[in-house]
Amino acid sequence: NAGVTQTPKFRVLKTGQSMTLLCAQDMNHEYMYWYRQDPGMGLRLIHYSVGEGTTAKGEVPDGYNVSRLKKQNFLLGLESAAPSQTSVYFCASSYLTSGNTGELFFGEGSRLTVL
Amino acid sequence: AQSVAQPEDQVNVAEGNPLTVKCTYSVSGNPYLFWYVQYPNRGLQFLLKYITGDNLVKGSYGFEAEFNKSQTSFHLKKPSALVSDSALYFCAVRGYTGRRALTFGSGTRLQVQP
């Protein structure tokens with residue numbers, strides 16, 4: 001019963017370093033999302049994917065890249081980390097068809113600190 | 001563009017009293033509306049949703065929400081609050097068309113006092 005799994009759960013980076021967050025889901029969901037959560041701002045959509053091999057920009061995509069090479073995995077990359085990217089990152093997935101309402105299933109979050 | 005407003009950063013209520021967490025939305029066309037709850041150091045969990053039909057929807061843990069199209073609101077309610085309901089609550093919206101991702105509000109912290 002894994003659901004949505006995010007790794008790593010915690011990471012500290014120095015400004016300018018790069019890293020990748022991995023999201024894996026075992027529910028065969030087509031849609032996957034990366035959100036960031038900041039105090040007082042709720043969750044903001046970074047990038048999302050509507051299927052294997054496709055990605056799209058969300059509200060705050062700058063400074064991030066994503067890839068969806070396999071249906072079950074959605075990677076979020078930071079090429080050159082900045083202190084403004086200190087946040088908690090949530091991955092989510094959903095199974096969306098014309099008859100479905102796209103309820104999201106969330107991972108437990110990855111806390112990233114950029115010094 | 002779609003948006004959600006949660007006007008209260010925090011709501012305080014005594015255990016056993018009714019609670020309301022407010023949410024208003026903006027979206028083109030008809031909305032899909034959701035409430036999620038987040039406990040400390042956890043991901044968000046789905047509580048309930050409005051798609052179409054009855055304006056009062058019931059969800060998990062005794063929560064319900066009322067959809068009001070004229071006021072573009074979707075307030076979360078519970079008749080009798082429990083201390084264990086203390087958490088961060090998020091309202092979210094998605095339109096029938098356009099980007100297939102939820103837009104979340106800023107969240108409301110619910111504190112239920114014993």
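Coordinates for the structure precede this section.
Reading the values: the criteria
Residues numbered from 1 in each chain as written. Chains lettered and ligands numbered in written order. Predicted model: local features only at pLDDT ≥ 70, side-chain atom pairs only at ≥ 80, totals over all residues. Heavy atoms only, no water. Salt bridge = Lys/Arg side-chain N within 4 Å of Asp/Glu carboxyl O. Buried < 20%, exposed > 50% of the residue type's maximum accessible area, 1.4 Å probe, protein only. Pairing = 2+ DSSP bridges. Helix = DSSP H or I, 4+ residues; strand = E, 2+ residues; numbered from the N terminus. Axes fitted to C-alpha atoms, helices over the stretch in contact; angles between N-to-C directions. Disulfide = S-S within 2.5 Å.

A word on the pattern of salt bridges
When charged atoms on two side chains of opposite charge get close, those side chains can pair. Residues and elements named next belong to chain A. The tally for this structure, following the rule as stated, stands at six salt bridges over all chains. Two residues, R44 and D38, come together in a salt bridge whose shortest N-O distance is 2.8 Å. The exposure class assigned to R44 is buried, which follows from its relative accessible area of 18%. According to the relative accessible area criterion, D38 is buried, its value standing at 10%.

Some thoughts on the sheet that holds strand β8 (residues 73–78) of chain A
All names here are of chain A. Sheet architecture is open: four strands sit in the order β1-β3-β8-β7, paired in antiparallel fashion. Two strands close off the open sheet at either side, each with one partner strand: β1 (4–7) and β7 (65–67). On average, adjacent strands in this sheet sit at an angle of 20° to one another, irrespective of strand direction. Pairing of β1 with strand β3 (residues 19–25), which is carried by four bridges, proceeds in the antiparallel orientation. In the sheet register, Q6 faces β3, and the bridge partner there is C23.

Details of the state of the cysteines
The tally for this structure, following the rule as stated, stands at two disulfides over all chains. Each sulfur in the disulfide pair A:C23 and A:C91 lies 1.9 Å from the other. The disulfide joining A:C23 to A:C91 has a torsion of about -75° about its S-S bond and is therefore left-handed. Taken together, the residues A:C23 in strand β3 and A:C91 in strand β9 (residues 87–94) connect sequence positions 68 residues apart. According to the relative accessible area criterion, A:C23 is buried, its value standing at 0%. A disulfide bridge connects B:C23 with B:C91, and the sulfur atoms are separated by 2.0 Å. For the disulfide bridge between B:C23 and B:C91, the dihedral angle about the S-S bond is near -65°, and by the sign convention the bridge is left-handed. Of this pair, B:C23 sits in the loop between β3 (19–21) and β4 (24–26) while B:C91 sits in strand β10 (residues 87–95), and the two are 68 residues apart along the sequence. Of the two residues, B:C23 and B:C91, neither departs from the other in class, the shared state being buried.

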